[in-house]
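Residues per chain, in single letters:
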Amino acid sequence: MIQIEGLTKIYNAGGGEVLALDNVSLQVNKGEIFGIIGLSGAGKSTLIRCINMLEKPTAGTIRVDGQNISTLDKKDLREARQKIGMIFQQFNLLSSRTVFDNILFPLEIAGISPKQARKRVQDLLDLVGLNEKARVYPEQLSGGQKQRVGIARALANDPKILLSDEATSALDPQTTRSILKLLKDINRQLNLTILLITHDMNVIKETCDRVAVIDNSKIVEIGDVLSIFSNPGTPTSKSFINTIINKEIPEELLHPSFIGNEQMTSKLIRASFIGASAGEPVISGLVQKYDIKANILYGNIDRVKDTPFGNLTLELIGDPALMGQALDYLRDNGLEIEVL
Amino acid sequence: MLEIISGFNLSNISNILAENAWMLDKVTLATWETIYMVAISTAFSYVLGLPLAIILVITDKGHIMENLGLNRTLGSIVNAARSIPFIIFLILLIPLTRIIVGTSIGTVASIVPLTLAAVPFVARLVETSLKEIDWGLIEAALSMGANTWQIITKVLIPEAFPAIILGVAITTINLIGYSAMAGIVGGGGLGTLAYYYGYQRYQTGIMWVTVILLIILVQLIQMLGDKLSNKIIYKRR
């Protein structure tokens, strides 16, 4: 649905050049929720703004539903933008218009007949559950309600894709969850492709099918969220995952305990498992087959979008010669192993 | 000057007015002339100043119709016009006023220099209000496919409207002051009245009547401006 190839953006700032995006390529499939995660300044904001040409790329092509956005003239670009919805961190609602008229705004821009437009606004108010707020001005709404208006507004012209620019970053965790749920519902009901950027791994975990990790103007990893969670390929991805998974482990447990036997070795590992694969028999197998003891330091089961995702941090104690085989045994049983 | 100020007391004023019924007519007429002059000039200065302000904003760096050449040129003209003292502006514009109105004396003739003096002021005032608008709102409108005209009429002006109204009040009040100055060189209105009768003929009562009327006028306009602006702001809350 969205194809980005060789996208590069260079800003000229005060005589010097700043490379904001360095040869970025990625593809977003129809109907999926695709997340881009990165720290502030990594380039994700520039990237999402290039997709509707709020930022002009320095090089590269961007196609939305087959149409090359980067070569359109002004008039065609405006028409293309009507089919690309966008929601923002600061909501960006017009204070001069009521909720109803804010949602009407994109329909006015597109030149929809007033009668048709008003009916469409009604439907959208129902969709985001804000019917009783139709006549209210945005100033009177909570953050979550404002973002619902933003979503309704972005959907008004039946967009092919929805761009979400840190849409939940200004919201509290509970409101964030309800907005993410709304986005997931919309994605499912309308089969709408959603591209979101965030710095919050929870957002990726709860909503996204696939994710791209952006660091220092480059995409460092792309993959489906589950496999990146269980097997992050880069330090950047790892540190993002650690922001929501590993932080509960106290620092002193991360250092192997004193064993008191020179023939024994100790290894700290993190084992993760996806879906229904069970951890318990595998670990007892370790003891039986390799005489390796497993000390469970931390464990949890989380949900990545709709799939259970488990995590165990173990201290393995046993014969150094058998340790490698033991790890292979765990891997053969469907566990992702990371030696800490 | 001293005898003018010391001549002030209320009974003096009412006596003058009571004894000289013709004076009352003069004051009423002059008040209407001032209101007429200022109202028309304010209206014209916005007809010209508002578009100028919009052009100054949207042609600025990074805005929706960036055109730095045009922006700098217009900006310099506005600055130049604003740096000329009004009294000199009045004299400089006499030939132009003659061409447009046919005469350089009287109420209608005053409208030309008043309007032209206010245009650059209005342009900067409105420009400031428009620049207050969060860029995110313009970006949101752009992302929906809005064209320049739609952004001006549906985002910039409505969002800045309460501030623009306050600006109208400030401009009107400024123009009342300018109109009194224009009055001294024969522009009509309260300024002419105060100068001819109050100053040149030592009728200090008249002087004070005009001053009090000007004060009342300014207060009323500021109050009206505040009220209107607040009404809009409260409605949006």
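The structure presented is a predicted model; accordingly, all values stated were derived computationally and were not measured.

## Brief notes about the overall build of chain B
Then step 1. A tally of helices and strands in chain B yields 11 helices and zero strands.
Then step 2. In terms of its C-alpha atoms, chain B occupies a principal-axis envelope of roughly 70 × 45 × 30 Å.
Then step 3. Residues classed as buried in chain B amount to 40% of the 237 residues present.
Then step 4. At a minimum sequence separation of 6, the contacts of chain B that also span at least 24 residues come to 69%.

## Some points on the overall build of chain A
Then step 1. Of regular secondary structure, chain A possesses 11 helices and 14 strands.
Then step 2. Relative to its 340 residues, chain A shows a buried fraction of 41%.
Then step 3. Contacts in chain A between residues at least 24 apart in sequence constitute 68% of all its contacts with a sequence separation of at least 6.

## Some words on the sheet that holds strand 7 (residues 161-165) of chain A
Residue and element names in this part refer to chain A.
Then step 1. A sheet is described by the order of its strands in space; here six strands give the open sequence 6-7-8-3-9-10, paired in mixed fashion. The two strands at the open ends of the sheet, each matched to only one other strand, are strand 6 (84-88) and strand 10 (218-224). Within the sheet, the average angular offset between the axes of one strand and its neighbour, ignoring direction, is 15 degrees.
Then step 2. Pairing between strand 3 (residues 33-37) and strand 9 (residues 210-215): four bridges, direction parallel. Its bridge partner lying in strand 9, Phe-34 is registered against Arg-210.
Then step 3. Relative to strand 9, helix 9 (residues 235-244) is tilted by about 115 degrees, and along the sheet it contacts strand 3, strand 9 and strand 10.

## As for the nonpolar core
Then step 1. Residues Ile-103, Ala-152 and Leu-195 of chain A together with Ala-53 and Val-122 of chain B are the most contacted members of the largest nonpolar core, which totals 133 residues.
Then step 2. With 15 residues, the top contributor of residues to this core is helix 9 (residues 148-184) of chain B.
Then step 3. With residues up to four places along the chain from it excluded, the contact list for Ile-103 of chain A reads Val-121, Leu-124, Leu-125, Val-149, Ala-152, Arg-153 and Ala-156 of chain A.
Then step 4. One finds Ala-271, Ile-292, Leu-314 and Leu-327 of chain A within the second-largest nonpolar core, a separate group that totals 14 residues.

## Structural notes on the packing of helix 5 (residues 143-155) of chain A against helix 6 (residues 173-190) of chain A
All names here are of chain A.
Then step 1. The contact between helix 5 and helix 6 brings their axes to 10 Å, and the two run at 20 degrees. Viewed along their axes, helix 5 and helix 6 adopt a mutual orientation that is roughly parallel. The element helix 5 and its partner helix 6 pack so that their crossing is right-handed. The segment helix 5 lies against helix 6, with Gly-143, Gly-144, Gln-147, Arg-148 and Ile-151 engaging Thr-175, Ser-178, Ile-179 and Leu-182.
Then step 2. Class assignment of the residues belonging to the contact of helix 5 with helix 6 gives a composition of three nonpolar, five polar and one charged.

## Re the interface of chain B and chain A
Then step 1. Facing the 18 residues of chain B at the interface are 20 residues of chain A.
Then step 2. Elements supplying a minimum of two residues to the side of chain B that touches chain A: helix 8 (135-143) and helix 9 of chain B.
Then step 3. For the side of chain B that touches chain A, a count of residues per class yields eight nonpolar, five polar and five charged.

## Brief notes about unusual backbone geometry
All names here are of chain A.
Then step 1. A positive phi angle, near 70 degrees, is found at Phe-91, a position not held by glycine.
Then step 2. Positioned with a positive phi, Asn-191 is a non-glycine residue whose angle comes to about 50 degrees.
Then step 3. Examined against the element boundaries, Asn-191 turns out to sit in the loop between helix 6 and strand 8 (193-198).

## Digging into the pairing of strand 13 (residues 307-318) of chain A
Residue and element names in this part refer to chain A.
Then step 1. Sheet topology places strand 11 (residues 265-274) next to strand 13; 10 bridges connect them, and they run antiparallel. Across the sheet, Lys-267 pairs through a bridge with Leu-316, a residue of strand 13.
Then step 2. Sheet analysis places strand 12 (residues 293-304) next to strand 13, joined by 11 bridges and oriented antiparallel. Note that in strand 13 the partner of Lys-293 across the bridge is Ile-317.
Then step 3. Connecting strand 12 to the antiparallel partner strand 13 that follows it, the hairpin turn spans two residues, and Lys-305 within it adopts a positive phi of roughly 50 degrees.

## Concerning the domain arrangement of chain A
Residue and element names in this part refer to chain A.
Then step 1. Looking at the assigned domains, one finds that chain A contains domain 1 (2-231) and domain 2 (246-339).
Then step 2. Across the contact, 10 residues belong to domain 1 and seven residues belong to domain 2.
Then step 3. Listed by contribution, the elements that provide at least two residues to the side of domain 1 that touches domain 2 are helix 7 (201-207) and helix 8 (225-230).
Then step 4. By residue number, the principal contributor to the side of domain 1 that touches domain 2 is helix 8, which donates four residues.

## Points about the environment of Ile-161 of chain A
All names here are of chain A.
Then step 1. Mapped onto the elements, Ile-161 comes out in strand 7.
Then step 2. Sequence spacing of Ile-161 and Ile-84 is 77 residues, and the spatial spacing of their C-alpha atoms is 5.3 Å.
Then step 3. Residues contacting Ile-161, with those up to four places away along its chain left out, are Met-1, Ile-2, Val-64, Ile-84, Thr-193 and Leu-195.

## Quick word on the sheet that holds strand 5 (residues 67-68) of chain A
All names here are of chain A.
Then step 1. Taken in spatial order, the four strands line up as 2-1-4-5 in an open sheet, and their pairing is antiparallel. Strand pairing shows two members of the sheet lacking a second neighbour, strand 2 (16-28) and strand 5, which therefore form its edges.
Then step 2. In terms of strand pairing, strand 1 (residues 2-13) meets strand 4 (residues 59-64) through five bridges, oriented antiparallel. Counterpart to Thr-8 in the pairing with strand 4 is Ala-59.

## A word on the pairing of strand 10 of chain A
Residue and element names in this part refer to chain A.
Then step 1. Inspection of the sheet shows strand 9 paired to strand 10 by six bridges, in the antiparallel sense. Each bridged residue has a counterpart across the sheet, and for Val-213 the counterpart in strand 10 is Glu-221.
Then step 2. Joining the antiparallel neighbours strand 9 and strand 10 is a turn of two residues, in which Asn-216 adopts a positive phi near 55 degrees.

## Here we look at helix 3 (residues 99-109) of chain A
Then step 1. Burial within helix 3 of chain A is extensive, with nine of its 11 residues counted as buried.
Then step 2. For helix 3 of chain A, every residue scored as buried is listed here: Val-99, Phe-100, Asn-102, Ile-103, Leu-104, Phe-105, Pro-106, Leu-107 and Ile-109 of chain A.
Then step 3. Contacts from the buried residues of helix 3 of chain A go to helix 4 (114-128) and helix 5 of chain A together with helix 9 of chain B.
Then step 4. In the stretch just after helix 3 of chain A, Gly-111 of chain A is the one whose phi turns positive, near 75 degrees.

About the thresholds
- Residues numbered from 1 in each chain as written.
- Chains lettered and ligands numbered in written order.
- Predicted model: local features only at pLDDT ≥ 70, side-chain atom pairs only at ≥ 80, totals over all residues.
- Helix = DSSP H or I, 4+ residues; strand = E, 2+ residues; numbered from the N terminus.
- Buried ≥ 20, exposed ≤ 12 C-beta atoms within 10 Å, placed from the backbone.
- Contact = placed C-beta atoms within 7 Å.
- Pairing = 2+ DSSP bridges.
- Axes fitted to C-alpha atoms, helices over the stretch in contact; angles between N-to-C directions.
- Core = buried A, V, L, I, M, F, W, Y, C linked by C-beta atoms within 7 Å.
- Parallel < 35°, antiparallel > 145°, perpendicular 65-115°, else oblique.
- Left-handed = near helix turned anticlockwise from the far one by under 90°.
- Nonpolar A, V, L, I, M, F, W, Y, C, P; charged D, E, K, R; others polar.
- Domains from an automatic or database assignment.

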